[in-house]
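Structural overview
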4 protein chains.
Amino acid sequence: MSDVRITVWNEYRHEKEDEEVAEVYPDGIHEAIAEGYEDRGFETRTATLDDPEHGLTEEVLDDTDVLAWWGHRAHDEVDDEAVERVVERVLDGMGLLVLHSGHYSKPFKRLMGTRCSLKWREAGEKERLWVTDPSHPIADGVGEYIEIPEAEMYGEHFDVPAPDQLVFTSWFEGGEVFRSGCCYARGSGRVFYFRPGHETYPIYFRDDVRDVLANAAEWAAPGDGPTPNYGNVEPLEDLSD
Amino acid sequence: MSDVRITVWNEYRHEKEDEEVAEVYPDGIHEAIAEGYEDRGFETRTATLDDPEHGLTEEVLDDTDVLAWWGHRAHDEVDDEAVERVVERVLDGMGLLVLHSGHYSKPFKRLMGTRCSLKWREAGEKERLWVTDPSHPIADGVGEYIEIPEAEMYGEHFDVPAPDQLVFTSWFEGGEVFRSGCCYARGSGRVFYFRPGHETYPIYFRDDVRDVLANAAEWAAPGDGPTPNYGNVEPLEDLSD
Amino acid sequence: MSDVRITVWNEYRHEKEDEEVAEVYPDGIHEAIAEGYEDRGFETRTATLDDPEHGLTEEVLDDTDVLAWWGHRAHDEVDDEAVERVVERVLDGMGLLVLHSGHYSKPFKRLMGTRCSLKWREAGEKERLWVTDPSHPIADGVGEYIEIPEAEMYGEHFDVPAPDQLVFTSWFEGGEVFRSGCCYARGSGRVFYFRPGHETYPIYFRDDVRDVLANAAEWAAPGDGPTPNYGNVEPLEDLSD
Amino acid sequence: MSDVRITVWNEYRHEKEDEEVAEVYPDGIHEAIAEGYEDRGFETRTATLDDPEHGLTEEVLDDTDVLAWWGHRAHDEVDDEAVERVVERVLDGMGLLVLHSGHYSKPFKRLMGTRCSLKWREAGEKERLWVTDPSHPIADGVGEYIEIPEAEMYGEHFDVPAPDQLVFTSWFEGGEVFRSGCCYARGSGRVFYFRPGHETYPIYFRDDVRDVLANAAEWAAPGDGPTPNYGNVEPLEDLSD
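This is a predicted model, so every value here is computed, not measured.

1. As for the overall build of chain A
Check the secondary structure of chain A and you find seven helices and 10 strands. Over its C-alpha atoms chain A spans a radius of gyration of 18 Å, differing by no more than 12% from the 18 Å that the globule rule assigns to 241 residues. Principal-axis analysis of the C-alpha atoms gives chain A an extent of 75 × 40 × 35 Å. Across the 241 residues that make up chain A, the buried fraction comes to 67%. Long-range contacts, defined here as pairs at least 24 residues apart, represent 71% of the contacts in chain A between residues at least 6 apart.

2. Notes on unusual backbone geometry
Residue and element names in this part refer to chain A. Cis geometry marks the peptide bond from Glu156 to His157; its omega dihedral reads 15°. A positive phi angle, near 55°, is found at Glu53, a position not held by glycine. Mapped onto the fold, Glu53 is located in the loop between strand 2 (43–48) and helix 4 (58–62).

3. Digging into the packing of aromatic side chains
Residues and elements named next belong to chain B. Counted under the stated rule, the structure contains 50 aromatic pairs over all chains. Their ring planes at 20° and their centres at 5.9 Å tell us that Phe192 and Phe194 sit as a pair that is stacked. Across this residue pair, the class does not change: Phe192 and Phe194 are buried.

4. Some words on the relation of the copies chain D and chain B
Taken as rigid bodies, chain D and chain B are interconverted by a rotation of 180° and an axial shift of 0.0 Å, the fit giving an RMSD of 0.0 Å. The transformation just described matches what one would write down for a two-fold rotation axis. Across chain D, the smallest distance between a C-alpha and the rotation axis is recorded for Asp164(D), namely 3.7 Å.

5. Details of the interface of chain A and chain B
Contacts between chain A and chain B engage 38 residues on the former and 38 residues on the latter. Summing both partners gives a buried area of about 3,300 Å² for chain A against chain B, and 53% of it is carried by carbon and sulfur. The largest contributions to the chain A side of the interface with chain B come from Arg115(A), Tyr230(A) and Leu239(A), which together make up 19% of the buried area. For Arg115(B), the salt bridge identified is with Asp92(A), shortest N-O distance 3.0 Å. In this structure, the connection of chain A to chain B is made through 20 residue pairs in polar contact (both at pLDDT 80 or more). Within the residue set of the side of chain A that touches chain B, elements represented by two or more residues are helix 5 (80–91), helix 6 (106–112), strand 5 (119–131) and strand 10 (231–232) of chain A. At five residues, strand 5 of chain A tops the list of elements feeding residues into the side of chain A that touches chain B. For the side of chain A that touches chain B, the per-class residue count stands at 14 nonpolar, 10 polar and 14 charged. Two elements, strand 10 of chain A and strand 5 (residues 119–131) of chain B, share two bridges in a ladder whose sense is parallel. Paired with Asn232(A) across the bridge in strand 5 of chain B is Trp120(B).

6. With respect to the interface of chain D and chain B
With 31 residues of chain D at the interface, the matching set in chain B holds 31 residues. A buried area of about 2,300 Å², summed over both sides, lies between chain D and chain B, and 50% of it is on carbon and sulfur atoms. At four residues, strand 5 (residues 119–131) of chain D tops the list of elements feeding residues into the side of chain D that touches chain B. A class-by-class count of the residues in the side of chain D that touches chain B yields 12 nonpolar, 12 polar and seven charged.

7. Focus: the confidence of the model for chain A
Summarising the model, chain A shows a mean pLDDT of 97, and 100% of its residues fall at 70 or more. Overall fold confidence (pTM) sits at 0.98, and the ipTM for the predicted complex is 0.96.

8. Here we look at the relation of the copies chain A and chain B
Each copy superposes on the other: chain A lies on chain B with an RMSD of 0.0 Å after a rotation of 180° and an axial shift of 0.0 Å. A symmetric contact is evident, with 100% of the interface residues of chain A recurring at the interface of chain B.

9. Focus: the layout of surface pockets
Reported here for the second largest pocket is a volume of approximately 610 Å³. Looking at the second largest pocket, it is lined by 19 residues, and the ones nearest its centre are Glu84(C), Lys109(C), Arg110(C), Glu84(D) and Arg110(D). At the level of elements, helix 5 (80–91) and helix 6 (106–112) of chain C together with helix 5 (80–91) and helix 6 (106–112) of chain D are the ones that each hand at least two residues to the lining of the second largest pocket. Across the lining of the second largest pocket, the residue classes tally to three nonpolar, two polar and 14 charged.

10. Considering the UniProt feature "domain: ThuA-like" (unreviewed entry) in chain A
The sites that carry the UniProt feature "domain: ThuA-like" (unreviewed entry) are, in the present numbering, residues 5–220 of chain A. Note that residues 5–220 of chain A is 27% helix and 32% strand, and that its end C-alpha atoms are spaced 11 Å apart.

11. Some points on the packing of helix 3 (residues 29–39) of chain A against helix 7 (residues 207–220) of chain A
Residue and element names in this part refer to chain A. For the pair helix 3 and helix 7, the least separation of the axes is 9 Å and the interaxial angle reads 70°. By the criterion of interaxial angle, the relationship of helix 3 to helix 7 is roughly perpendicular. Helix 3 and helix 7 meet at a crossing whose hand is right-handed. Of helix 7, the residues touching helix 3 (which contributes Ala32, Ile33, Glu35, Gly36, Tyr37 and Asp39) are Arg210, Leu213, Ala214 and Ala217. Of the residues in the contact of helix 3 with helix 7, the class split is six nonpolar, one polar and three charged.

12. Here's the deal with helix 3 (residues 29–39) of chain B
All names here are of chain B. Taken together, the buried positions of helix 3 are occupied by Ile29, His30, Ala32, Ile33, Ala34, Gly36 and Tyr37. Against the buried residues of helix 3 lie strand 1 (5–10), helix 1 (14–17), strand 2 (43–48), strand 3 (66–70), strand 4 (95–99) and helix 7 (207–220). With its phi angle positive at about 85°, Gly41 sits one or two positions after the end of helix 3.

13. What to know about helix 7 (residues 207–220) of chain D
All names here are of chain D. The end-to-end C-alpha distance of helix 7 is 20 Å, a good match for the 20 Å that 14 residues give at a rise of 1.5 Å each. In terms of burial, helix 7 is largely enclosed, as 10 of its 14 residues are buried. The complete set of buried residues in helix 7 reads Val209, Arg210, Val212, Leu213, Ala214, Asn215, Ala216, Ala217, Trp219 and Ala220.

14. A few points about the side chain of Gln165(B)
Here Gln165(B) is to be found in strand 7 (residues 165–172). In terms of polar contacts, Gln165(B) uses its side chain to reach the side chain of His136(B), at 3.1 Å. Dropping the residues within four chain positions of it, Gln165(B) is found in contact with Asp133(B), His136(B), Gly181(B), Cys182(B), Cys183(B), Trp219(B) and Gln165(D).

15. Things to note about the pattern of salt bridges
On inspection of all chains with the given rule, the structure shows 108 salt bridges over all chains. In this structure, the salt-bridge partner of Glu125(A) is Arg121(A), at a minimum N-O distance of 2.9 Å. Arg121(A) matches Glu125(A) in its accessibility class, with the two residues each being buried. A salt bridge links Lys126(A) to Glu237(C); the shortest N-O distance between them is 3.0 Å. Of the two residues, Lys126(A) sits in strand 5 while Glu237(C) sits in the segment after strand 10 (231–232), which places them in two different chains. For the pair Lys126(A) and Glu237(C), one class covers both residues: buried. In the salt-bridge network here, residues are joined through shared partners; they are Arg5(A), Arg45(A), Asp63(A) and Asp65(A).

16. Quick notes on a negative patch on the surface
Residues and elements named next belong to chain A. Negative charge collects at one region of the surface, where Glu19, Glu20, Glu23 and Glu122 lie side by side. By residue number, the principal contributor to the negative patch is helix 2 (residues 19–24), which donates three residues. Checked against the element boundaries, Glu20 lands in helix 2.

17. Some details on the side chain of Arg85(A)
All names here are of chain A. Tracing the sequence through the fold places Arg85 in helix 5. For Arg85, a relative accessible area of 15% translates into the label buried. Side-chain polar atoms of Arg85 contact the side chain of Glu53, separated by 3.3 Å. Sequence-distant contacts of Arg85, defined by excluding residues within four places in its chain, comprise Glu53, Leu56, Thr57, Glu58 and Leu61.

18. Section: the environment of Gln165(C)
Its relative accessible area of 13% is what places Gln165(C) among the buried residues. Other than its neighbours up to four places away in sequence, Gln165(C) contacts Gln165(A), Asp133(C), His136(C), Gly181(C), Cys182(C), Cys183(C) and Trp219(C).

19. Regarding the state of the cysteines
Evaluated as defined, the whole model comprises zero disulfides over all chains. The closest cysteine sulfur to the non-disulfide-bonded Cys116(B) is located on Cys182(B), 10 Å from its own sulfur.

20. With respect to the environment of Glu147(A)
Residue and element names in this part refer to chain A. Take Glu147: it is sitting in strand 6 (residues 145–155). Along the sequence, Glu147 and Trp171 sit 24 residues apart, while their C-alpha atoms lie 9.4 Å from each other. For Glu147, the contacting residues outside a window of four places in its chain are Lys126, Glu127, Arg128 and Arg206. Polar side-chain contacts of Glu147 include one of 3.2 Å to the side chain of Arg128.

What counts as what
- Residues numbered from 1 in each chain as written.
- Chains lettered and ligands numbered in written order.
- Predicted model: local features only at pLDDT ≥ 70, side-chain atom pairs only at ≥ 80, totals over all residues.
- Heavy atoms only, no water.
- Helix = DSSP H or I, 4+ residues; strand = E, 2+ residues; numbered from the N terminus.
- Rg over C-alpha atoms; globule rule 2.2 N^0.38 Å.
- Buried < 20%, exposed > 50% of the residue type's maximum accessible area, 1.4 Å probe, protein only.
- Contact = heavy atoms within 4.5 Å.
- Phe/Tyr/Trp six-rings, centres within 6.5 Å; stacked < 30°, edge-to-face > 60°.
- Least-squares fit on C-alpha atoms with pLDDT ≥ 70 in both.
- Buried area = accessible area lost by both parts, 1.4 Å probe.
- Salt bridge = Lys/Arg side-chain N within 4 Å of Asp/Glu carboxyl O.
- Polar contact = N/O pair within 3.5 Å; in protein donor to acceptor, adjacent residues only side chain to side chain.
- Nonpolar A, V, L, I, M, F, W, Y, C, P; charged D, E, K, R; others polar.
- Pairing = 2+ DSSP bridges.
- pLDDT = per-residue confidence, 0-100.
- 1 Å grid on protein atoms, 1.4 Å probe; cavity = no way out; pocket = protein on both sides within 12 Å on 5 of 7 lines; lining within 4 Å.
- Points joined across faces, edges and corners; volume = space filled by probe spheres on them.
- UniProt positions renumbered as here; feature names shortened; annotations may be inferred.
- Axes fitted to C-alpha atoms, helices over the stretch in contact; angles between N-to-C directions.
- Parallel < 35°, antiparallel > 145°, perpendicular 65-115°, else oblique.
- Left-handed = near helix turned anticlockwise from the far one by under 90°.
- Expected span 1.5 Å × (residues − 1).
- Patch = residues over 30% accessible without salt bridge, like charges linked within 9 Å, V, L, I, M, F, W, Y side chains within 5 Å.
- Areas by Shrake-Rupley, 256 points an atom, 1.4 Å probe, with all protein chains shown as cover.
- Lys, Arg positive; Asp, Glu negative; His and termini not counted.
- Charge placed at Lys NZ, Arg CZ, Asp CG, Glu CD.
- Disulfide = S-S within 2.5 Å.

This is the structure:
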């Protein structure tokens, strides 16, 4: 049992509009991800784009330690106010896991400050995620690599700030590499970008991927560090002499 | 002689409205900074908030290798379109030097993705900037520390991403510390935040400060690295087998 | 209760030879540190320089998750074989906490690869450790700063590799700053350098310092990441085409 | 013309003892590397293992800004005193470029503090080095990637500290990835590890590889930062009150 409370957010459009996707994720990508968390003892809820306020109300965020974000084709439909709410929460300590095509989501781009662009190709090719930091807790219980037989390719250059820690680096059959597991501290919060996952591949049903997502949630969960004071302050030392 | 072309941007309001400031910087803070660059052989121009398009036209930016940014009380008056132009240029390789109260400027906040908050106090106290990375080119020609007899205090926590390199750390008489020289790579560009400087202290006339600004401009000047291709790409290897 | 098993290592010479030190740490610095761990529910043992094999036998290390290291005047008396044992264990995942004058200990210098030099002064002056990374678990439960009324000063430049994360930065009354809480990943292990503590000040009896040491032990405890294979390997892909 | 003075060090054994290697590098690997530097306007000399003091006398090091190091089978024959000389010079500011199998050289292991292990395979397979930091000066003039048709494979996990900047990441035909261009600041010096190059492949004759080596030399050349004072110091502020 974990005491980390997860909210899995999904844009939930492909699954309703595309039969091929619906076959892979009949209940939506969010339910597949949520199932992985529930199986690992996390208190888990879901929210989607078409919920009121995208399901990202103050109340929901109050009860969220870590928010997992999946979006792809409707990034622009996410209301800026909701984005701002999410970003503020992250800076205040909420964990954020950005999944696959979430690299172009508004909250991620806001928090990175860069374009977050990359190369991509849908060819059902093999991906192998190598652990490049075996000391990192997100790699707990993982082998030397995770092999995914069919994946969408994402290739460098990935236009993000250099990660604070780089946990995974991907090899792709078609000749590219990618920084696939990237850790960032932002404000009092922690952000993890994890590459695998696509609407047409059953990647979020894999145990190894779910294990990484569980590790990442534990890592990103809010700590109990100081809440800094900002603004005008009195001196701590006597300035009169 | 340097072949780096500098544009010094200044909000230029305090100097016109506040007599005390006008005495310290009669021609504006931008002219003091620009003089330091000219003396060191840089091709230098200036631009201010009240110029058309804030002086940040496409033409000016085309001729700018490194943009130095000073603002304080009128951050909100900087047009979002100009901000976007600057940010895009930085991601494409233009250097950006963010000076003192520029920590709250729109371009810096956009590129950092955090709140960029800090503690502050105006008490004319002593600051000592210690070099914490003597291997860094921005510390070239600097002593072990730079001592500024009267400065506005900025104190931690400074809410920015951990810098890629930390060149200076400040000690303040009143009891605080601050990460005062912070390097960031963003996209193809480089950003340097440098703390010293305030409208009521003649800090930008100091030779040691001007030397650091010159070093920073050389460091931040655009390189000749690859321009990455993004988007859908063909495989580099045969995927047919 | 923590399931992290601590071994506190102390050179234990000052306390036996210097009356002033013996008054501050009558049972030795190791016992003061160990008491802090025991009070916080850690399984704790101690070892000292004059124990057989310095108390750092294979058996002891087998039962150690995190080793805390205090040494000052007798670094050179630590046997190179014991040092090698400790370093190998760290690279295999054991946590290492290096305390105060341990900056010059053989294991720390071996793991850093640099000289680990610094400035110092014994003048009973005030130190204030500011949290420069409030998102880091080692800062859990800590206020914005820890104030130590009387401390030995350590000043920059501190000749270590740039830390992977910088949790604390110290202010000193005499005018210096110092990177006081430095995190490093090395191999499968994690190393934390923590500055406070000296044989003539009762710093290791402080609750705030003990809290940080407990946080650091939890952070540095071995994970369950992959044990990489090294050396000659067969291809994972068919190279025949 | 560059004013950076290069010394190319080579163990120079394979070339004298193995016919296949002698055909690829008839004058030794050091001469091929030196030629690349000379062509690019660097003042260049060479030194080899079997020279007196391995060619690494105080006099030679006095005239060296950047030392490039190639070794493979005779790392253990390098005298510890020479290693110490090199390491001390690096910490004092001399640049060090560690090439390919130099990952196991004594100076590199000393400066990294880790085992520097990796996976390897000699199968003449394809390597593609992707630029993962297009803002870095070592990537100047390089395309999005460098493709080497036949290379020895080096695979992760590479047991080094996380690089300060990661300029290249390699893809290998056989399924592995590798952090191939790693920047480190150590003391006042800079170290660059560059993976390509092997005694049986003519990689050091390639213009793109030589360009990177030239960029790396410019980047690693000694700066003019402060020479820190270490040891006991007087306070900079009055401690009497």
